[in-house]
Amino acid sequence: MLSSAWAQEATDQAAPADTAAEAAPVTIQDMAQGAEDAPVTIVEYGSFTCPHCAAFHADQYQHLKEDYIDTGKVRFVFREVYFDRFGLWASMIARCGGEMRFFGISDILYDTQRDWIGEGEPAQIAENLRRIGKSAGMDDATLDACLNNEAQAEALVAWYQENAERDGIQSTPTFIINGESHSNMAYDDLKSIIDSELAETQ
């Protein structure tokens, strides 16, 4: 698991933090789509720097959203995994826009993953992430506040570690479907599992 040192590194490319803002307790919210009373709940554990996660969101997720999430059959919860500091930075940018913008920013992060990661140079990645935040309508002051929020970064890392330990997350993407863990799979296989779960609720 990652240590809390990642939370400190999340602020390395930003301006000095506002210590007054850090004093407030931080509660991390699950980001979710779909009906709250949907018969099937899918929790995806994914990293914004994971190529397999980007491939899932470009393919299977699009079908899942159209066929099940938007039709009220599946409640989809996305939980970030932090295998590196860049994934944490990306998460802080996605969450900076609030719940309404989270999935839209997530789509951009996955669609342009190779571009914003580039050659892995930290300062350039931080600038690329800021550019994505601006494209989503956030200004420099808002982005600085989000990236400088050390308390938020530490809370996100602790939240990830607690979730990953509880659900036995070793790789991404991993899916918890109505409480049962599954590794990445083709859409037809995912559809079969969902349909089986739906049949049991009828």
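Above this text sits the structure in question.
Summary of the structure given here. (Residues numbered from 1 in each chain as written. Predicted model: local features only at pLDDT ≥ 70, side-chain atom pairs only at ≥ 80, totals over all residues. Heavy atoms only, no water.)

Notes on the packing of aromatic side chains
Keep this limit in mind: Stacked, tilted and edge-to-face pairs are distinguished by plane angle, under 30 degrees for stacked and over 60 for edge-to-face with tilted covering the rest, among Phe, Tyr and Trp rings (Trp via its six-membered ring) whose centres lie within 6.5 Å. Under the scheme used here, helices are H or I runs from DSSP no shorter than 4 residues and strands are E runs no shorter than 2 residues, and both carry numbers assigned from the N terminus. Accessible area is worked out with a 1.4 Å probe on protein chains only. A residue is then buried under 20% of its type maximum, exposed over 50%, and partly exposed in between. In this scheme, the term charge over a ring applies when either NZ of a lysine or CZ of an arginine sits within 6 Å of the ring centre and within 35 degrees of the ring normal.
Going through the model one piece at a time under the given rule, you end up with 11 aromatic pairs. Judged by centre distance (5.6 Å) and plane angle (40°), the ring pair of phenylalanine 48 and phenylalanine 78 falls under tilted. Within this pair, whereas phenylalanine 48 is found in the loop between strand S2 (40-46) and helix H3 (51-58), its partner phenylalanine 78 is found in strand S3 (residues 74-80), the two being separated by 30 residues in sequence. You can call phenylalanine 48 buried: its relative accessible area is 1%. Ring-pair connections join several aromatic residues into one group, and the members of that group are Phe48, Tyr61, Phe76, Phe78, Phe102, Phe103 and Tyr110. Above the face of the tryptophan 159 ring, arginine 95 is positioned so that its terminal group lies 5.0 Å from the ring centre.

Looking at the pairing of S3
This is how the line gets drawn: A pair of strands is considered paired only if DSSP assigns at least 2 bridges between the two.
Most of S3 is tucked away: 7 of the 7 residues are buried. By the bridge criterion, 3 bridges tie strand S1 (residues 31-33) to S3 in an arrangement that is antiparallel. Pairing of methionine 31 across the sheet is with phenylalanine 78, part of S3. Relative to S3, S2 runs parallel, the two being bridged by 7 bridges. In the strand pairing of S3, valine 43 is matched with valine 77.

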